[in-house]
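# Structure at a glance
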Amino acid sequence: MKILIQNIKELLQVRETPVAKVSGAEMAVLPKIDHAFLLIENDRIADFGPMADCPSSEDCELIDATGKTVLPTWCDSHTHIVYAGNREQEFVDRINGLSYEEIASRGGGILNSAKKLQETSEEDLYNQSKVRLEEVMRQGTGAVEIKSGYGLTVEAELKMLRVIKRLSENYPIAIKATFLGAHAFPSEYKENHEGYINLIINEMLPAIARENLAQYVDAFLETGYFSVAETERIIEAGKQHGLIPKIHVNQFTAINGIEACVKHGALSVDHLEIVTDEDIAVLKDSTTMPVALPSCSYFISIPYTPARKMLQAGLPLALASDFNPGTTPSGNMNFVVATACIKMKMTPEEAINAATINGAYAMGISDTHGSITKGKKANIIITQPLTSYYQLPYAFGSNLIDQVLIEGQFIQ
Ligand SMILES: N=CN[C@@H](CCC(=O)O)C(=O)O
Ligand SMILES: [Zn+2]
């Protein structure tokens, strides 16, 4: 099966020579070809270039992209798409003056979602989650990481991870699974952290490894949640089962968590609404990808990740949605890219790099996703006719996507 897209006004994120990620000043460069073609064979990118070099269209399904922009689909490296019910009431409580921390300390927040999820059957959880997955695919996401962490019991964490596995078997989108048993201490372990950490290490992790349900391990390293020392124990135990750390850190406070994550070779450190000069120094020259989640900052009114300062220091940055019921009930990566430009002062080029190739790196798939490169997965967004790709973040409330292809299949 061959698809030939012709007369593309702008073909973005073209990388003849593959790169794993882009950092600092490199992020301001988004390589593109004007008046281009793109050839897809089965699930892969077979060829691309200027229209002057366009191959014959024999045997191909033809798409005319006159006036349109074509770019790789978004790589959303941080989500919690599998959850039960919602937290609309907490949304209204916050409007009426309560903070995220106050709601959590009253037994709301993550524990509220965990109670709902424990009471929901695996089948129902799958059906609720697939609606969200289908929505983000239509919005141009072509690869997604999904975390557990609303189970908080052996049985419920396994239920979440089995749902993630089933989604990955039933949809063309690449899905990476992360075990986040260390998302919050269940109330019965509030005064017995040791007991819950032992449950994670001695029961949850071995059961997950037996069923091969996760590739990554995460923890909410934050004041009032998991300390640096507790997180390090979980990272070490996860590694024993082959899981690579990707850690929630510096959302509300900076407690030297980033240093610990880098020391343990974390693939990514995520949130980073609060970042110190020491954190930046530690990330510099590491292989750990910092990940910003601007929709979370927007929704719960907390600071935005200081992108300019980080890029100026030469760091890379990825953007992800954080789709979850508490802090970010949206997986729309178009909004993420626009918000990064509008609120974090990232240029469109930087934001698109952050949401494609760097997002792919932050989920360990930049050899197959995140750029227009021969041999990579045919994951493509075709936009409506645009004056230029600047319109994508500029017209932040409009749906400018015409068609999405994931692994060579049209999504709709
Ligand atoms: N901060 C930790 N975890 C999630 C939100 C958890 C929740 O409130 O349900 C996040 O990434 O924002
Ligand atoms: Zn998160």
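If you check an unreviewed UniProt entry, the protein chain appears there as Imidazolonepropionase from Flavobacterium supellecticarium. The UniProt entry for the protein chain carries the following comment under Subcellular location (unreviewed entry): "Cytoplasm". The record in UniProt for the protein chain states the following under Catalytic activity (unreviewed entry): "4-imidazolone-5-propanoate + H2O = N-formimidoyl-L-glutamate".

Here the focus is the overall build of the protein chain. For the protein chain, the count of helices and strands is 15 helices and 16 strands. Rg of the C-alpha trace for the protein chain: 21 Å, near the compact-globule value of 22 Å for 412 residues, within the 12% margin. When the backbone C-alpha atoms are referred to their principal axes, the protein chain occupies close to 70 × 45 × 45 Å. The buried share among the 412 residues of the protein chain stands at 60%. Excluding contacts between residues fewer than 6 apart, the proportion of contacts in the protein chain whose partners are at least 24 apart in sequence is 75%. Carbon and sulfur atoms make up 49% of the accessible area of the protein chain, which totals about 15,500 Å². Mean positive and mean negative side-chain charge positions of the protein chain (35 and 51 charges, respectively) differ by 1 Å.

Side chains of F91, V92 and I95 sit close together on the surface and give an oily, nonpolar patch of about 270 Å² of accessible area. Counting through the fold element by element, V92 comes out in helix 1 (residues 88-95).

Our next topic: the domain arrangement of the protein chain. Domain boundaries assigned for the protein chain yield domain 1 (2-73 + 371-411) and domain 2 (75-362). Once you take the C-alpha centre of each, domain 1 and domain 2 turn out to be 29 Å apart. Every contact between the two is made by 32 residues of domain 1 and, on the other side, 34 residues of domain 2. Here domain 1 packs against domain 2, burying approximately 2,600 Å² in sum over the two surfaces, 66% of which is carbon and sulfur.

A separate point is the site of ligand 1. Around ligand 1, a shell composed of 15 residues is seen, among which R87, Y100, Y150, Q251 and T327 lie nearest. At 2.8 Å, a side-chain N or O of H271 approaches an oxygen atom of ligand 1. Calculation on ligand 1 without its partners gives an accessible area of 330 Å², and the protein chains cover 100% of this total. Comparing atom positions with the cavity grids shows ligand 1 to sit within the largest cavity. Here the shell around ligand 1 is composed, by residue class, of four nonpolar, nine polar and two charged.

Of all hydrophobic cores here, the largest spans 114 residues; its most connected members are L133, L167, F179, L317, L319 and M346. For this core, the element with the highest residue contribution is helix 6 (residues 193-211), accounting for nine residues. Here F179 is in contact with S148, E157, L161, I200, M204, L205, I208, A214, Y216, V217, D218 and L243, once residues within four sequence places are set aside. Counting 19 residues, the second-largest nonpolar core is a separate cluster that includes I8, I40, F48 and I63.

Moving on, we come to the coordination of the zinc ion (ligand 2). Protein coordination at the zinc ion (ligand 2) comes from H78 (NE2), H80 (NE2), H248 (NE2) and D322 (OD), with a distance range of 2.0 to 2.3 Å. Donor residues for the zinc ion (ligand 2), ordered by position in the chain, follow H-x1-H-x167-H-x73-D. Linking H80 in the loop between strand 6 (74-76) and helix 1 with H248 in strand 10 (residues 244-249), this pair joins segments that are 168 residues apart in sequence. Considered together, H80 and H248 belong to a single accessibility category, that of buried residues.

To continue, consider the sheet that holds strand 13 (residues 318-319). Ordered in space as 6-7-8-9-10-11-12-13, the eight strands form an open sheet in which the pairing is parallel. Every other strand in the sheet has two partners, leaving strand 6 and strand 13 as the edge strands with one partner each. Summarising the sheet, strand 7 (residues 141-147) and strand 8 (residues 174-182) pair through five bridges and their orientation is parallel. Its bridge partner lying in strand 8, A143 is registered against A174. This element, helix 5 (residues 154-170), spans strand 7 and strand 8 of the sheet and lies at about 175 degrees to strand 8.

The rules we used
Residues numbered from 1 in each chain as written. Chains lettered and ligands numbered in written order. Predicted model: local features only at pLDDT ≥ 70, side-chain atom pairs only at ≥ 80, totals over all residues. Heavy atoms only, no water. UniProt positions renumbered as here; feature names shortened; annotations may be inferred. Helix = DSSP H or I, 4+ residues; strand = E, 2+ residues; numbered from the N terminus. Rg over C-alpha atoms; globule rule 2.2 N^0.38 Å. Buried < 20%, exposed > 50% of the residue type's maximum accessible area, 1.4 Å probe, protein only. Contact = heavy atoms within 4.5 Å. Areas by Shrake-Rupley, 256 points an atom, 1.4 Å probe, with all protein chains shown as cover. Lys, Arg positive; Asp, Glu negative; His and termini not counted. Charge placed at Lys NZ, Arg CZ, Asp CG, Glu CD. Patch = residues over 30% accessible without salt bridge, like charges linked within 9 Å, V, L, I, M, F, W, Y side chains within 5 Å. Salt bridge = Lys/Arg side-chain N within 4 Å of Asp/Glu carboxyl O. Domains from an automatic or database assignment. Buried area = accessible area lost by both parts, 1.4 Å probe. Near = heavy atom within 4 Å. Polar contact = N/O pair within 3.5 Å; in protein donor to acceptor, adjacent residues only side chain to side chain. 1 Å grid on protein atoms, 1.4 Å probe; cavity = no way out; pocket = protein on both sides within 12 Å on 5 of 7 lines; lining within 4 Å. Sits in = over half its atoms within 2 Å of the grid points. Nonpolar A, V, L, I, M, F, W, Y, C, P; charged D, E, K, R; others polar. Core = buried A, V, L, I, M, F, W, Y, C linked by side-chain atoms within 4.5 Å. Donors = N, O, S within 2.8 Å, 3.2 Å for Na, K, Ca; no water. Pairing = 2+ DSSP bridges. Axes fitted to C-alpha atoms, helices over the stretch in contact; angles between N-to-C directions.

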